[in-house]
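Results of the structural survey
Single-letter residue listing:
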Amino acid sequence: MRRVLTAVAGGIALFLVLLILLWNWDWFVPLVDRRASAALHRPVSIAHLHVRLGFTTTVSVDDLQIRQPEGFEKEKELFASAKKATVSVNVWRYITHKGLEVPLIALDTPKGDIVALANGKNNYTFTDPDAKPAPQSSTQPIALPRIGDVVITNGDIRIAMAKLKTDMHVLMHTTPPKGEQDGSIVIDLKGRYAQAPISGHIVGGSLLTLTNSTRPYPIDARLENGPTYVTLRGAIDDPLHFKGTKLVLHFAGPDMSLLYALTGIPIPQTPSYSVSGKLDYTSAHIRFSNFSGKMGSSDIGGTIAVDPQTKPITVDANLYSHHVDLKDLGGFIGAKPGHEESKKTATSDRILPSQPINVPKLNAVNAHLVYKGDRIENKDMPLDNILADITVQDGAIAINKLNFAVGNGTLGLSGALDPAQNGQFKTHFKVDVSRLSIQRLMKATETFKGSGTLGGHITLAATGNSIASLLGNGNGGVTLVVDHGGDVSALLPDLIGLKIGSAILSALGIPDRSDLKCFIADMPLRQGILSTNSLLLMTNNTRTLGGGSVNLKNETLDYHVTTRSTSFNVLSLPGRVNITGPLKSPTIMPGAEIIGRAAATAGLAIAFPPAVLLPTIQFGVGKGSACEDALAQANNAPAAGIKPGSTTGSGAATAQPAHHGKTVSQKPLSRKEVHSVWQQRLKHN
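Residues numbered from 1 in each chain as written. Predicted model: local features only at pLDDT ≥ 70, side-chain atom pairs only at ≥ 80, totals over all residues. Heavy atoms only, no water.

Attention shifts here to the packing of aromatic side chains. All told, the structure shown has six aromatic pairs when counted by the stated rule. With a centroid separation of 5.6 Å and 45° between ring planes, the pair formed by Phe251 and Phe288 is classed as tilted. With Phe251 in strand S14 (residues 244–253) and Phe288 in strand S16 (residues 286–295), this residue pair connects regions lying 37 residues apart in the sequence. For Phe288, a relative accessible area of 8% puts it in the buried group. (Phe/Tyr/Trp six-rings, centres within 6.5 Å; stacked < 30°, edge-to-face > 60°. Helix = DSSP H or I, 4+ residues; strand = E, 2+ residues; numbered from the N terminus. Buried < 20%, exposed > 50% of the residue type's maximum accessible area, 1.4 Å probe, protein only.)

Quick look at the nonpolar core now. Counting residues in hydrophobic clusters, the biggest one holds 75 residues, and the most contacted among them are Phe251, Tyr371 and Ile386. Not counting residues within four places of it along the chain, the set of residues in contact with Ile386 comprises Val324, Leu329, Tyr371, Lys372, Gly373, Ile376, Leu402, Asn403 and Phe404. Among the nonpolar cores identified, the runner-up in size contains 13 residues, and Val29, Val61, Ile114 and Ala116 belong to it. (Core = buried A, V, L, I, M, F, W, Y, C linked by side-chain atoms within 4.5 Å. Contact = heavy atoms within 4.5 Å.)

It is worth spelling out the layout of surface pockets at this point. One way to see where empty space is left: roll a probe the size of a water molecule over the atoms. The calculated volume of the second largest pocket comes to roughly 530 Å³. Secondary structure elements with two or more residues in the lining of the second largest pocket: strand S3 (56–66), strand S4 (80–90) and strand S6 (111–116). For the lining of the second largest pocket, the element with the highest residue contribution is S4, accounting for six residues. Taken together, the residues that form the lining of the second largest pocket break down as 19 nonpolar, four polar and two charged. (1 Å grid on protein atoms, 1.4 Å probe; cavity = no way out; pocket = protein on both sides within 12 Å on 5 of 7 lines; lining within 4 Å. Points joined across faces, edges and corners; volume = space filled by probe spheres on them. Nonpolar A, V, L, I, M, F, W, Y, C, P; charged D, E, K, R; others polar.)

Here we come to the pairing of strand S15 (residues 273–281). Relative to S15, S14 runs antiparallel, the two being bridged by seven bridges. For Ala252, the partnering residue across the bridge sits in S15 and is Ser274. Across eight bridges, S15 lies against S16 in antiparallel orientation. Paired with Ser276 across the strands is Ser292, a residue of S16. (Pairing = 2+ DSSP bridges.)

As a further point, take the pattern of salt bridges. Any two side chains of opposite charge can pair if their charged atoms end up close together. This model, assessed by the stated rule, comprises eight salt bridges. Note that Arg233 is salt-bridged to Asp220, the shortest N-O span being 3.3 Å. Placement of Arg233 in strand S13 (residues 228–237) and of Asp220 in strand S12 (residues 217–225) is noted, with a sequence separation of 13 residues between them. On the basis of relative accessibility, which here comes to 46%, the residue Arg233 falls in the partly exposed class. On the basis of relative accessible area, Asp220 is assigned to the partly exposed category, the value being 35%. (Salt bridge = Lys/Arg side-chain N within 4 Å of Asp/Glu carboxyl O.)

Here the focus is the environment of Pro419. Examined against the element boundaries, Pro419 turns out to sit in strand S22 (residues 409–419). Pro419 gets classed as partly exposed once you look at its relative accessible area, which sits at 38%. Residues Pro419 and Gly464, 45 residues apart in the sequence, show an inter-C-alpha distance of 9.6 Å. If near-sequence neighbours (up to four positions away) are discounted, Pro419 is found in contact with Asp394, Gly395, Ala396, Gln424 and Phe425.

Along its 12 residues, helix H2 (residues 29–40) runs 16 Å from first to last C-alpha, staying within 8% of the 16 Å computed at 1.5 Å per residue. Looking one or two residues beyond H2, the residue adopting positive phi is His41, at roughly 60°. (Expected span 1.5 Å × (residues − 1).)

As structure tokens, this is what we get:
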């Protein structure tokens, strides 16, 4: 028995010695391939398997290849590969139920090919397409293992996302610790992101620090996406659990709307900008606070808070500017922002902004914006400040408040844009003009003198997708009153805002330095056609009435104005003036009465020179109560739907009536009287 037992023991010992000498872990390669392929739902293969047993066991594989899943066989590259992959596991700690610890992960030349198609299908989902969905359970999430050192050498991951129009490479490697300085991971980006070239250089702390909840993770990043430049420096607290950050974010570029690809937050077109501030995030919010910088010639600052957990995301922005140029805000109303006018705009006969409002981007976010501009710098329209309160909810825009201060007066706008079919908006707006100081409004006009106030209302209801289309299809009206407006020869050309003001005044025969007594405009808007209930302009010696229409759909005028003297006047060609053609550059032509008088004047000048004055003599038509009558009509049935009320002056709206006095005699003048008037007019000139 002893001999038998000795022989068996010797055989077992010999077998163990031979097994140890001849053992090859590659015998398990087919088993590893099958198990890995089943787990990842795509073919997996390794060339060699190496295992070093112990309390801490190390497993290495050579030439790891993971092929593309079903449906992605046409991809040129493997889904993932590595020359060598090594993982060390503390087996003893795991056996004694102290948790999983991975002291080492090392990847030599890892490569990846991450692809998402336009139809939404991707190659990085590892679930079995034929498997039934697992029932939901209330089990606790799996605890992350303790990870020691992570070593990556010459990594290259390609990311191709069709919906994002992105195809770029992420190159990465790690650096070892040096003395007291921790190691790091270095990432370089190159390729295209959102159709624009992208490049970047990111240096982060060691991957070990990612799992250390008590130690902030440092990051220093620089990205260039097309013309947009972004830097991010600071530290992240427990990044795997989004505990918070201490980061400084700086971004700059030619247009903030290009940030949509990087942030997912739609922003209208802006001029060039450069902004820096503090970036903080947790699992519940992202906050860009206390930022400041420049946007065009305006300064910009404030705080933007984002809630990424809502769908769509929620944005709350509180912004301010100490000095703002309104041209920098042009993109918010669909106009071209900045000071440079595009060639298309410069050569077009249109003056109304036609850039569409982007409906899909508005649906991507719910937002509340409050903006305050302390001082407006704009020589063409020197408003004092701006206050805006705007809400975007489910694609609808509510303008709760958009107020401009002008002296002691206010220009206020409110309204809403609700999404309709085919990318259109159903809108309604109201503009309240309250006690605007004409002198303050015309501050840029060096020749303007006098004082007065402008008040009234403008309403609009329409369907469209731009300023031009909304006005071209709109219904509503304009009811405005100017009370004691000062110098009409300076006021009217600038108030019109076109290069025809002086020409109109000249054609009307209104002399220089005429004091404006009152101005009333009551004009209904129906289907884009602005017609005239009443248009009255009274100076100290003239009364001008307007009639006709303005077609905002094609931006053309078919209008006429007629001026009469309210007192005896010589050297005037009174009558009707026709204003027609494009709104940007209309044609001003005298009517038949003016032409007849001018022809008669020319004929008499040849036949009998002193008689040249006769056709130009206009007898006063009386001073009456035209202002009171027009204002009463505007108050009784205002085209804007809202009475002017107390929007002008210090109290109730008033239109200064002409003084009632003796009626001017209208009998023909004698030749001696005509000569006397002519001499006085020569001396006056």
